[in-house]
Number of protein chains: 4
Amino acid sequence: MAGSTYGNSFKITTWGESHGAAIGVVIDGCPSGLPLSKEDIQFYLDRRKPGQSRFTTARQESDHAKILSGVFDGKTTGTPISIMVENQDQRSKDYGRIKDCYRPGHADFTFDAKYGFRDYRGGGRSSGRETIGRVAAGAVASKLLEQLGIKLTAYTRSIGNIIIPEEEYDFSCISENQLYMPNRTYAKKAAAYLEECMKNKDSAGGTIECRITGVRAGIGEPVFDKLDAALAKGIMSIGAVKGVEIGDGFLAAAALGSSNNDPFYSQNDQIIKRTNHSGGTLGGISDGSPVLIRAAIKPTPSIAREQDTVTADGENTSIVITGRHDPVIVPRAVVVVEAMAALTLADLLIVNMSSQLENIKHFYSR
Amino acid sequence: MAGSTYGNSFKITTWGESHGAAIGVVIDGCPSGLPLSKEDIQFYLDRRKPGQSRFTTARQESDHAKILSGVFDGKTTGTPISIMVENQDQRSKDYGRIKDCYRPGHADFTFDAKYGFRDYRGGGRSSGRETIGRVAAGAVASKLLEQLGIKLTAYTRSIGNIIIPEEEYDFSCISENQLYMPNRTYAKKAAAYLEECMKNKDSAGGTIECRITGVRAGIGEPVFDKLDAALAKGIMSIGAVKGVEIGDGFLAAAALGSSNNDPFYSQNDQIIKRTNHSGGTLGGISDGSPVLIRAAIKPTPSIAREQDTVTADGENTSIVITGRHDPVIVPRAVVVVEAMAALTLADLLIVNMSSQLENIKHFYSR
Amino acid sequence: MAGSTYGNSFKITTWGESHGAAIGVVIDGCPSGLPLSKEDIQFYLDRRKPGQSRFTTARQESDHAKILSGVFDGKTTGTPISIMVENQDQRSKDYGRIKDCYRPGHADFTFDAKYGFRDYRGGGRSSGRETIGRVAAGAVASKLLEQLGIKLTAYTRSIGNIIIPEEEYDFSCISENQLYMPNRTYAKKAAAYLEECMKNKDSAGGTIECRITGVRAGIGEPVFDKLDAALAKGIMSIGAVKGVEIGDGFLAAAALGSSNNDPFYSQNDQIIKRTNHSGGTLGGISDGSPVLIRAAIKPTPSIAREQDTVTADGENTSIVITGRHDPVIVPRAVVVVEAMAALTLADLLIVNMSSQLENIKHFYSR
Amino acid sequence: MAGSTYGNSFKITTWGESHGAAIGVVIDGCPSGLPLSKEDIQFYLDRRKPGQSRFTTARQESDHAKILSGVFDGKTTGTPISIMVENQDQRSKDYGRIKDCYRPGHADFTFDAKYGFRDYRGGGRSSGRETIGRVAAGAVASKLLEQLGIKLTAYTRSIGNIIIPEEEYDFSCISENQLYMPNRTYAKKAAAYLEECMKNKDSAGGTIECRITGVRAGIGEPVFDKLDAALAKGIMSIGAVKGVEIGDGFLAAAALGSSNNDPFYSQNDQIIKRTNHSGGTLGGISDGSPVLIRAAIKPTPSIAREQDTVTADGENTSIVITGRHDPVIVPRAVVVVEAMAALTLADLLIVNMSSQLENIKHFYSR
């Protein structure tokens, strides 16, 4: 209930602030026998690492993952996996106005309202660095899902109004451009748009999509822990996300039933849907089609322009946020969306193991 | 984990199928001393009752709520509140093709995939009647929030492409039209559109908004149980919902930081935001502005047209769904969205009571 | 958190007060496909029914179980099973002093302290009738465990100082005597002792044992959800229980390591323990030996003697509790202990299905 | 569900194995504003440190606590507190027979049965070192309770058959003897008994008591999360505990109602119990009297004698466990019992804040 734990069967607890000693996660409920190395985790952490392009902050953070428990002889033991990343940037410095002013669009005001005071260094717990724990855990969940033939692919669908039409997706080029967009041309357009934003001391938002293939029908627990409901929570819990869609999402609200329904057909003893407007769930349970999730990311709230605000004492003032800031959060959030989707799916997949008495009997007699 | 429980501190467990003996909910964690009568609950149930307009099914269900426990001398006792609605329509009848065929857009296939067999009568647990428990519990949560000065207002924002612009909202007329729309003219347009849908043996979707006023800053638990994340789960867990937005939602993804940030100012010792693009949360914690949630509802999957599908044995076939069906789910879902929002907020509001040591000390010394 | 929910994967929520409209339970997470009838539940409820002997209250309560949801065509559907027992004894009557006085040994004072007021009719939620929900749910859990070859046997080990030595147990006669004791001679001695208690307007306590056979090694989750820890909670949550032991329990505290350790040996490819001082768990995980639990039950607090107490207003006074009351709770609690043990084991058995990656892979490829 | 998380509102997650890189705990839900330093935690860790007497192992472990997050400017921030202790003894060494044999009384066999393989180094996750996380978190919970005037005192009540009668308790000398016994004479007798055990290559068990004063009436959640039930789980989850009692415990089973009931009386506007057989709870809710818990600890399973056992391959063999081992676990477990009691109470105390509407209204209007 305290908010830093996610999942039930495959459960993670994250901890750490932007400028504290370290940041980390404890994964509890990961089955024994999964091959796991720190390189597996580093690979995912590197995807969210800043300093990779001119649209992400230049701070040279290394973010090296250490596995402190739960792995023996290269395999998970079934006991909690503790992963830690030490913060490099802990030196005491002048946090200036941030200490006493509430930055618009940030959580400074609400943390103060909730807790009475806050760790103002770099945003404290509300910093984007909090996602390190999610991504490290997501790496483990993805590894587990991979063993079952499940694959997640996340990418940037749009930056500002530069939206890639679905028919022009080219997944092969996602990791070739710094914005993780599945289309080279649109990636260039988006880069130009971001240049313009930076010039104007402004920032941009965008949308991220995540597709999951290999998901068998039956995952998701009616009525509150539906697969789509759980995904919505997981994705919306990421800092800058303001909207979540499954399948056609808001477009479905304007569609007709006759076109929105996905007809079933049978082929090679498999029941398949001709279309996938539903985005892979029916009644909150996976239907065997790819699961499709979309997230709306707001523009980076830190901008170089002067903005009106108040001090903690309630005095009207204005603030200019100095230092380098990403003009867009989207590319760095791509792997975070993927991580939350993997964690959610791994959890509900395990829960589904006991949906039928036959499965329990089969397991118990093994 | 089993899926029928929602919330932690203010926790509900729903049960019941469309054509079983009854449907109900157990509310655990409601504080003692809240005045509560069955009329309080009936008022909310009546808002989702079918047979109220030509756009909702004509079945004359009465849906009378009984309170079986947890209330004594007109007040809640602090122990579980059990509320039950007996199903009127239990007679055995011919369920025809539904028994063996998978209706497109419904959960027939996925329930079979998950559980090995299903209660095919009227959709069983995946029926819209499942929401009776949510709405009854939502009535209690709303009553609790009302005591704190918190008010929820939900309404239909759009049907198909008939979208009411925000500046034309007239909340006074919401309950005067059968579509629960806050604008008479748009309600008429939407009614005409639905007539057309029915003529075409088709159905429509739409969007629902819920505004919550009186929410003080500080509610929501970083990092996974954020107020917006919890709301997203609650709303997305409603049957036909395919998308959820907070504040500007997907529009924020296309906005600039300079316009999306809400500047703070101080007035009469209160810190307020000049705009509310954020929809009442910052960093997942309520910021004192009205909380604004939006849900996308897909078109009713039951349509009178012939549709391609398969039998449970995997034979390709087609189905025509007979009987009366609402051409749109939206108006009946309005109160369900409001209920889930109330339940989510009540839960996190209670959790927030222990965020500061000072509050615990104050409570313990009372 | 609110206290009326037990278990995670096999989860129950109970509700109801002594003299409210009804009492019941919702079981969520029971797998689909389990044959279940109301007779299965009635059989367990009858074991706790009062009016069966002169040591249990003469009130003629019928306690008929109704299954309201979750069962279709004689089998569980995987959705919540709602079971209700209507209270017969709801007529308004004069509760006399109980309304304003705190009965010693009862929860009257603490309920008032916690909730500010209470449902004083027959003890309200703190009445022994609250266990009806536990027992009904325990019947379902036992049915599930039975399908896996797991059998629970609970019985009265002692009443007052009349303790049956383990070597004189005769399980065949448990249900032949009204005290559920596994020895006819001791049952007679105990009956005589209870007669004496009644003559003296006094009451007695006793101990209950529960043995579970057929439990394979591996069940229980280190480090907090150990099988013995979970059992301890489940058993201690029963009204009058003041102590819980696993295996040798408190005797182990006085034993030597050389005699308390159970040596392993191998026979027919099975690893077995020569003794079972541990009571079937090692490190909180089942070890393949029978699980042995013991509970201490305090004497019935309602006695016919005058006792010192206070009124709710803090006035010193004395009270004589009128009406018929059991001179001992133990025999009626036997099935409650068994129910809690079954619920606990069913829950942890399901959780254990995902302890190894191999099991998950095997399940997912079925 | 995965087992390494304890509590709901004040929630801890422990991680780490005996010979892994480190051991630790994450505390989530600790309120903001609690003064906390690493010395506060070290003080508790030192109480469980080995090498303090000839009855505890001579290994020179330092067990230095580091606080990695959740504390800023000397106070808790309300966000997760991560505490880590690095293991000193990680060098690879010859684990000899332990690698392939199952030590009687240990969890070697059951971990293998559950997970398919195990970290055999020093017992892995089933080692007593696992309690470091509990004790570190217990230090924080105790600090919180201290602020409310609640004090916990734990001590050794008996070693083997050397039991201190309650009337001879002298709490002032608990920390003056290496066995943490509240009586010098009995401590000497117990020391002599342990010498004898060591001479005989044997080990002893004992009992631990914990008294909690300053607990106001009203804490504990009917019906499953009762204060005594929650304490029973917390205490029984400690490695070697085989029994738990509240108040008179098993003695109550042999008592008469007339003597077991605690009469109420009123003094200075306070309602008090004349006796405390109940151990501070009635109906599972604190009654304002001191809470009294007792735990039975089994003898150390590691003894220097030859014992029969089997190899992992099921071959019958015998084993002599080499190395130094404590002849008794009890003194080192005293602080662990205290920690689990503090964690349990802190959690339920917070939950109780919302039991009455009046409290919620009061909080919300502050």
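Predicted, not measured: the structure shown is a model, and the values here were computed from it.

A. How the structure looks around the overall build of chain A. Scanning chain A from N- to C-terminus turns up nine helices and 18 strands. Taking 366 residues into account, the globule formula puts the C-alpha radius of gyration at 21 Å, and chain A, at 22 Å, falls close to it. Referenced to the eigenvectors of the C-alpha coordinate spread, the extents of chain A come out at roughly 65 × 50 × 40 Å. Burial analysis of chain A (366 residues in total) assigns 67% to the buried set. Contacts in chain A between residues far apart in sequence, at least 24 positions, make up 68% of those at least 6 positions apart. Carbon and sulfur atoms form 47% of the exposed surface of chain A, whose accessible area is close to 11,900 Å².

B. Local environment of the relation of the copies chain A and chain B. Expressed as a screw operation, the relation of chain A to chain B combines 0.0 Å of axial shift with a rotation of 180 degrees, fitting to an RMSD of 0.0 Å. Taken together, these values place the two copies in the relation of a two-fold axis. Rotation axis and chain A: the residue whose C-alpha lies nearest the axis is Lys233 of chain A, separated from it by 2.4 Å. Looking at chain A, 100% of its interface residues are interface residues in chain B too, so the copies touch through the same face.

C. Structural context of the pattern of salt bridges. Residues and elements named next belong to chain A. For the structure on display, the rule yields 96 salt bridges over all chains. Arg103 serves as the salt-bridge partner of Asp108, at 2.8 Å between the closest nitrogen and oxygen. An identical accessibility class is assigned to Asp108 and Arg103; each is buried. Close ionic contact of Glu130 with Arg134 constitutes a salt bridge, the shortest N to O distance being 2.7 Å. Both residues of the pair, Glu130 and Arg134, belong to the buried class. One salt-bridge network, in which partners are shared between bridges, spans Arg157, Glu166, Glu209, Arg211, Glu245 and Arg294.

D. Representation of the nonpolar core within the structure. Of all hydrophobic cores here, the largest spans 358 residues; its most connected members are Phe10 of chain A, Phe10 of chain B, Phe10 of chain C together with Phe10 of chain D. Dropping the residues within four chain positions of it, Phe10 of chain C is found in contact with Ile27, Asp28, Gly29, Cys30, Val140, Ala141, Leu144, Leu343, Ala346, Asp347 and Ile350 of chain C.

E. Quick look at the sheet that holds strand E7 (residues 81-86) of chain B. Residues and elements named next belong to chain B. One open sheet holds the five strands; their spatial order is E1-E2-E3-E7-E4, and the pairing between them is antiparallel. Each edge of the sheet is formed by a strand with only one pairing partner; in this case those strands are strand E1 (5-6) and strand E4 (65-67). Pairing of strand E3 (residues 22-28) with E7 involves six bridges; the strand directions are antiparallel. Looking at the pairing, Ala22 lines up with Glu86 of E7.

F. Structural detail: the relation of the copies chain A and chain D. For the match of chain A to chain D, the screw axis carries a shift of 0.0 Å, the RMSD comes to 0.0 Å, and the turn is 180 degrees. A shared binding surface is used by both copies, with 100% of the interface residues of chain A retained as interface residues in chain D.

G. Quick peek at the interface of chain A and chain B. Taken together, the contacts link 106 residues of chain A with 106 residues of chain B. Roughly 8,300 Å² is buried in total at the junction of chain A and chain B, and carbon and sulfur atoms are behind 61% of that figure. In this structure, the connection of chain A to chain B is made through four salt bridges. Linking Lys114 of chain B and Glu221 of chain A is a salt bridge whose minimum nitrogen-to-oxygen distance equals 2.6 Å. The interface formed by chain A and chain B includes 45 residue pairs in polar contact (both at pLDDT 80 or more).

H. Fine view of the packing of aromatic side chains. Under the definition given, this model contains 42 aromatic pairs over all chains. Relative to Tyr6 of chain D, the ring of Phe224 of chain C has its centre 5.3 Å away and its plane inclined at 40 degrees; by these criteria the two rings are tilted. Here the residue Phe224 of chain C occupies a position in the loop between strand E10 (206-213) and helix H5 (227-236), and Tyr6 of chain D occupies one in strand E1 (residues 5-6), the pair thus bridging two chains. Assessed through its relative accessible area of 0%, Phe224 of chain C is described here as buried.

I. Structural detail: the environment of Gly218 of chain C. By secondary structure assignment, the location of Gly218 of chain C is in the loop between E10 and H5. Gly218 of chain C sits 70 residues away from Gly288 of chain C along the chain, and the two C-alpha atoms are 8.0 Å apart. Apart from residues lying up to four places away in sequence, Gly218 of chain C is in contact with Ile285, Ser286 and Asn352 of chain C together with Ala113 and Lys114 of chain D.

J. Looking closely at empty space enclosed by the protein. In this model, the second largest cavity occupies a volume close to 230 Å³. Among the elements of the structure, helix H8 (330-351) of chain B, helix H2 (108-115) of chain C together with helix H8 (330-351) of chain D are those that each provide at least two residues to the lining of the second largest cavity. In the lining of the second largest cavity, the residues fall into 14 nonpolar, eight polar and three charged.

K. Examining the sheet that holds strand E4 (residues 65-67) of chain D more closely. Strand order in the open sheet formed by five strands is E1-E2-E3-E7-E4 (chain D), with antiparallel pairing between adjacent strands. Here the strands that pair on one side only, and so sit at the sheet edges, are E1 and E4 of chain D.

L. Structural context of the packing of helix H1 (residues 38-47) of chain D against helix H3 (residues 131-146) of chain D. All names here are of chain D. Interaxial distance between H1 and H3 falls to 9 Å at its minimum, and their mutual angle equals 125 degrees. Classified by the angle between their axes, H1 and H3 sit oblique to one another. Where H1 crosses over H3, the two elements pack in a sense that is right-handed. Contacts from Asp40, Ile41, Tyr44 and Leu45 of H1 reach H3 at Ile132, Val135, Ala136, Ala139, Val140, Ser142 and Lys143. Along the lines of polarity and charge, the residues of the contact of H1 with H3 split into eight nonpolar, one polar and two charged.

M. Focus on helix H9 (residues 357-364) of chain C. Where H9 of chain C is concerned, the buried positions are Leu357, Asn359, Ile360, Phe363 and Tyr364 of chain C. Each buried residue of H9 of chain C lies within a common arc of 160 degrees when the element is viewed along its axis, so the set occupies one face. Its buried side turned inward, H9 of chain C meets helix H3 (131-146), helix H8 (330-351) and helix H9 (357-364) of chain A.

N. Inspection of the pairing of strand E2 (residues 11-16) of chain C at higher detail. Residue and element names in this part refer to chain C. The buried fraction of E2 amounts to six of the six residues, a majority that puts the element mostly inside the structure. Residues of E2 alternate between two faces, with Lys11, Thr13 and Trp15 on one and Ile12, Thr14 and Gly16 on the opposite face, all of them buried. Counting the residues that bridge the hairpin from strand E1 (residues 5-6) to E2 gives four residues, and of these Gly7 lies at a positive phi of roughly 95 degrees. Pairing of E2 with strand E3 (residues 22-28), which is carried by six bridges, proceeds in the antiparallel orientation. By the bridge assignment for E3, Lys11 is matched with Asp28.

O. Quick peek at the pairing of strand E2 (residues 11-16) of chain A. All names here are of chain A. As paired strands, strand E1 (residues 5-6) and E2 are joined by two bridges and run antiparallel to one another. Of the residues in E2, the one forming a bridge with Tyr6 is Ile12. Counted along the chain from E2 to the antiparallel partner strand E3 (residues 22-28), the turn is five residues long.

P. Broad picture of the interface of chain A and chain D. Contact with chain A, which involves 41 residues of that partner, is made by 41 residues of chain D. When chain A packs against chain D, close to 3,200 Å² is buried across both sides, 65% of that on carbon and sulfur atoms. When the buried surface of chain A facing chain D is broken down by residue, Trp15, Phe72 and Phe117 of chain A rank first, second and third, together holding 19% of it. There are zero salt bridges connecting chain A and chain D. At the surface where chain A touches chain D, the tally comes to nine residue pairs in polar contact (both at pLDDT 80 or more). Going through the elements one at a time, E2, E3, strand E6 (75-76), strand E7 (81-86) and helix H2 (108-115) of chain A are the ones with two or more residues in the side of chain A that touches chain D. A per-element tally of the side of chain A that touches chain D places E2 of chain A first, with five residues. Tallied by class, residues from the side of chain A that touches chain D come to 14 nonpolar, 19 polar and eight charged.

Q. The arrangement of the side chain of Ser142 of chain D in detail. Residues and elements named next belong to chain D. Relative to the helices and strands, Ser142 resides in helix H3. Owing to a relative accessible area of 5%, Ser142 belongs among the buried residues under this scheme. When neighbours within four sequence positions are excluded, Ser142 is seen to be in contact with Tyr44, Leu152 and Ala342.

R. Spatial organisation of the confidence of the model for chain A. Here chain A shows a mean pLDDT of 94. Residues at 70 or above account for 95%. Two numbers describe this predicted complex: its pTM, 0.97, and its ipTM, 0.97.

S. View of the state of the cysteines. Residue and element names in this part refer to chain B. Per the stated rule, a full pass over the model turns up zero disulfides over all chains. Of all cysteine sulfurs, the one in Cys173 lies closest to Cys210, which takes part in no disulfide; the gap is 17 Å. Judged by relative accessible area, which is 0%, Cys210 ranks as buried.

T. Region of interest: the environment of Asp40 of chain B. All names here are of chain B. Tracing the backbone through its elements, the reader meets Asp40 in helix H1 (residues 38-47). Each C-alpha atom, one on Asp40 and one on Ala65, is 9.7 Å from the other, the two residues being 25 residues apart in sequence. Other than its neighbours up to four places away in sequence, Asp40 contacts Pro35, Ala139 and Lys143. Within the local environment of Asp40, its side chain forms a polar contact with the backbone nitrogen of Ser37, the two atoms lying 2.9 Å apart.

Definitions and cut-offs
- Residues numbered from 1 in each chain as written.
- Chains lettered and ligands numbered in written order.
- Predicted model: local features only at pLDDT ≥ 70, side-chain atom pairs only at ≥ 80, totals over all residues.
- Heavy atoms only, no water.
- Helix = DSSP H or I, 4+ residues; strand = E, 2+ residues; numbered from the N terminus.
- Rg over C-alpha atoms; globule rule 2.2 N^0.38 Å.
- Buried < 20%, exposed > 50% of the residue type's maximum accessible area, 1.4 Å probe, protein only.
- Contact = heavy atoms within 4.5 Å.
- Areas by Shrake-Rupley, 256 points an atom, 1.4 Å probe, with all protein chains shown as cover.
- Least-squares fit on C-alpha atoms with pLDDT ≥ 70 in both.
- Salt bridge = Lys/Arg side-chain N within 4 Å of Asp/Glu carboxyl O.
- Core = buried A, V, L, I, M, F, W, Y, C linked by side-chain atoms within 4.5 Å.
- Pairing = 2+ DSSP bridges.
- Buried area = accessible area lost by both parts, 1.4 Å probe.
- Polar contact = N/O pair within 3.5 Å; in protein donor to acceptor, adjacent residues only side chain to side chain.
- Phe/Tyr/Trp six-rings, centres within 6.5 Å; stacked < 30°, edge-to-face > 60°.
- 1 Å grid on protein atoms, 1.4 Å probe; cavity = no way out; pocket = protein on both sides within 12 Å on 5 of 7 lines; lining within 4 Å.
- Points joined across faces, edges and corners; volume = space filled by probe spheres on them.
- Nonpolar A, V, L, I, M, F, W, Y, C, P; charged D, E, K, R; others polar.
- Axes fitted to C-alpha atoms, helices over the stretch in contact; angles between N-to-C directions.
- Parallel < 35°, antiparallel > 145°, perpendicular 65-115°, else oblique.
- Left-handed = near helix turned anticlockwise from the far one by under 90°.
- Arc of directions from axis to C-beta.
- pLDDT = per-residue confidence, 0-100.
- Disulfide = S-S within 2.5 Å.

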